[in-house]
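Chain and residue survey
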Amino acid sequence: MQQGLKNTSYFENKTKARLSSIDSKGDSMPYRYCFVLTNACNLRCSFCFQEKKPIKGSLKLDNWIDIASQLPYGSHITLTGGEPLMFRGFKKLVENLRDDITFNVITNGLLLEKDLVDFLLDQNGLKVLSCSIDDVGNKSRDFTADMWEKLISNLNYFKDKKNQINKNIVLDIKTVVHGGNIDGIIPMAKFSSHELGSDTHMFMFLKGSPMQHSDIMFDYGYALENNKGFENYEIPKVINEVKKLKDLIKSGFTKNTKFFLHPKFVDLYTNQDIDIIEKFLDRPHHNPKDFMPCRSPWVSIHINNDGNVFPCLSFSIGNTYENTLKEIVNSQKMNQFKEDLEKCGTLPGCKQCGYLMPKETYLV
């Protein structure tokens, strides 16, 4: 494998957790827990996979605190939604996390007021704040000029404050690349590094199956169907812009911001051929032979705001209203999913998942 950009400590911890996730009774527990606190959001992005409809029986603050108390020592929580800052018990939940638990927040940033920034930066467990920005001005998310000005003000305050308190906290920008903003990749990269001073920036391609990380539960059988998925991109145009991004990185123009693709079709910090993207992006069907075996469900699970627990593909393996988290994670449904992955490596429903690892990228 070529020597690329050094992995983040979060990635390294996830990898180590996979190797140490078996306790003395043989029961496995993941390292990362994605708390989908709410499916409510203050935006209506056309490409979003969340339903944005009220869910009956949504978990309350006490439910989330109880779930957090069940996590193994040294776990990591991702707080997301919807817009997680719309969850009324957000601060109380964070305050009640054990000292051994770390967390990150994924937000659109509009509700990131100064008092909330001060609160978050006062928490020892905060590792990463990720903000979703898809183009300069966030027009893809229907931002007005006032909304954009508010967002940049919020992020600048966060950046300045965190650099005073703890420079190790990461300001991360997430850009969803879709058919309408391919031309905006380079302007967004320049803005992220020079205007926002972000530490990391991830360009994320649209998922290839509606079953991935959704708040709507599917039958497990759907994961095994060889569905065609979505087609969204002018591939030559994408490849051309990613080549420009790699040249920009090589020139040193991007300063201290580290850039990634999601899925990581190529490592932007190696000599890998960018044209390989054509082999993986927007293909009609998923070919498991092209990818490393997936180990995501051993490392990470999602808890939906209705109590349903799912690994990555959205089929319920249990509900926190009915069973403990450990019982759910070691349930027959979860074990069947792991067995299928052990047998096949990846499944048809994994098409264009952000966590796919192409063999040609990782075994060169």
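Residues numbered from 1 in each chain as written. Predicted model: local features only at pLDDT ≥ 70, side-chain atom pairs only at ≥ 80, totals over all residues. Heavy atoms only, no water.

Let's shift gears to the overall build of the chain. When helices and strands are counted, the chain shows 12 helices and 10 strands. Accessible surface computed for the chain: about 16700 Å², of which carbon and sulfur atoms make up 50%. (Helix = DSSP H or I, 4+ residues; strand = E, 2+ residues; numbered from the N terminus. Areas by Shrake-Rupley, 256 points an atom, 1.4 Å probe, with all protein chains shown as cover.)

Attention now goes to unusual backbone geometry. Of note, the amide linkage connecting Gly 81 to Gly 82 takes the cis form, showing an omega dihedral of 25 degrees. Along the chain, the position of Gly 82 falls in the loop between β2 (76–80) and α3 (90–95). The linkage connecting His 262 with the following residue, Pro 263, adopts the cis geometry, with an omega of 5 degrees. In this fold, Pro 263 is placed in the loop between β7 (258–262) and α8 (277–280). Phi is positive for Asp 282, close to 60 degrees, though the residue is something other than glycine. Assignment of secondary structure puts Asp 282 in the loop between α8 and α9 (296–299). Asp 282 gets classed as buried once you look at its relative accessible area, which sits at 9%. In this structure, Gln 352 takes a positive phi of about 60 degrees despite not being glycine. (Buried < 20%, exposed > 50% of the residue type's maximum accessible area, 1.4 Å probe, protein only.)

Our focus in this paragraph is the packing of helix α4 (residues 114–121) against helix α5 (residues 145–165). In the contact formed by α4 and α5, the axes pass within 10 Å of each other and the chain directions differ by 30 degrees. With respect to α5, the element α4 is oriented roughly parallel. Judged by the twist between their axes, the crossing of α4 over α5 is right-handed. The segment α4 lies against α5, with Lys 114, Val 117, Asp 118 and Leu 121 engaging Tyr 157, Phe 158, Lys 161, Lys 162 and Ile 165. Looking at the contact of α4 with α5 residue by residue, the classes come out as 5 nonpolar, no polar and 4 charged. (Axes fitted to C-alpha atoms, helices over the stretch in contact; angles between N-to-C directions. Parallel < 35°, antiparallel > 145°, perpendicular 65-115°, else oblique. Left-handed = near helix turned anticlockwise from the far one by under 90°. Contact = heavy atoms within 4.5 Å. Nonpolar A, V, L, I, M, F, W, Y, C, P; charged D, E, K, R; others polar.)

Before going further, it helps to examine the environment of Gly 125. In this fold, Gly 125 is placed in the loop between α4 and β4 (126–132). Looking at Gly 125, the relative accessible area reads 11%, which means it is buried. Those residues within four positions of Gly 125 in sequence are excluded, and the remaining contacts are Ile 101, Thr 102 and Phe 103.

This part covers helix α7 (residues 235–251). Count 3.6 residues to each turn of an α-helix, and residues three or four apart come out pointing the same way. End to end, α7 covers 24 Å across 17 residues, agreeing with the expected 24 Å (1.5 Å per residue, within 8%). Where α7 is buried, its residues contact α6 (185–196), β6 (200–205), β7 and α8. Gly 252 sits one or two residues past α7 and shows a positive phi near 90 degrees. (Expected span 1.5 Å × (residues − 1).)

Let us look at the packing of aromatic side chains. Counting across every chain of the model gives 11 aromatic pairs. A centroid spacing of 5.3 Å and a plane angle of 75 degrees characterise the contact between Phe 315 and Phe 337, whose relative ring orientation is edge-to-face. On the criterion of sequence distance, the pair formed by Phe 315 in the loop between β9 (308–310) and β10 (318–319) and Phe 337 in helix α11 (residues 332–344) is long-range, its members being 22 residues apart. Of the two residues, Phe 315 and Phe 337, neither departs from the other in class, the shared state being buried. Chaining the aromatic ring pairs together yields one cluster made of Phe 205, Tyr 233, Phe 265, Phe 280 and Phe 291. The cationic tip of Arg 295 hangs over the ring face of Trp 298; the distance from NZ or CZ to the ring centre is 4.9 Å. (Phe/Tyr/Trp six-rings, centres within 6.5 Å; stacked < 30°, edge-to-face > 60°. Lys NZ or Arg CZ within 6 Å of the ring centre and 35° of its normal.)

Quick look at the pairing of β4 now. The element β4 is extensively covered by neighbouring structure, given that 6 of its 7 residues are classed as buried. In this structure, strand β3 (residues 102–107) lies alongside β4, joined through 5 bridges in parallel fashion. Within β4, the residue paired with Phe 103 across the bridge is Leu 126. As for the winding sense of the linkage, the β-α-β connection from β3 through α4 to β4 is right-handed. In terms of strand pairing, β4 meets strand β5 (residues 170–177) through 5 bridges, oriented parallel. Paired with Cys 131 across the strands is Ile 173, a residue of β5. You can see the chain leave β4, run along α5 and come back into β5, and the turn it takes is right-handed. (Pairing = 2+ DSSP bridges. Right-handed = clockwise from strand over helix to strand, strands pointing away.)

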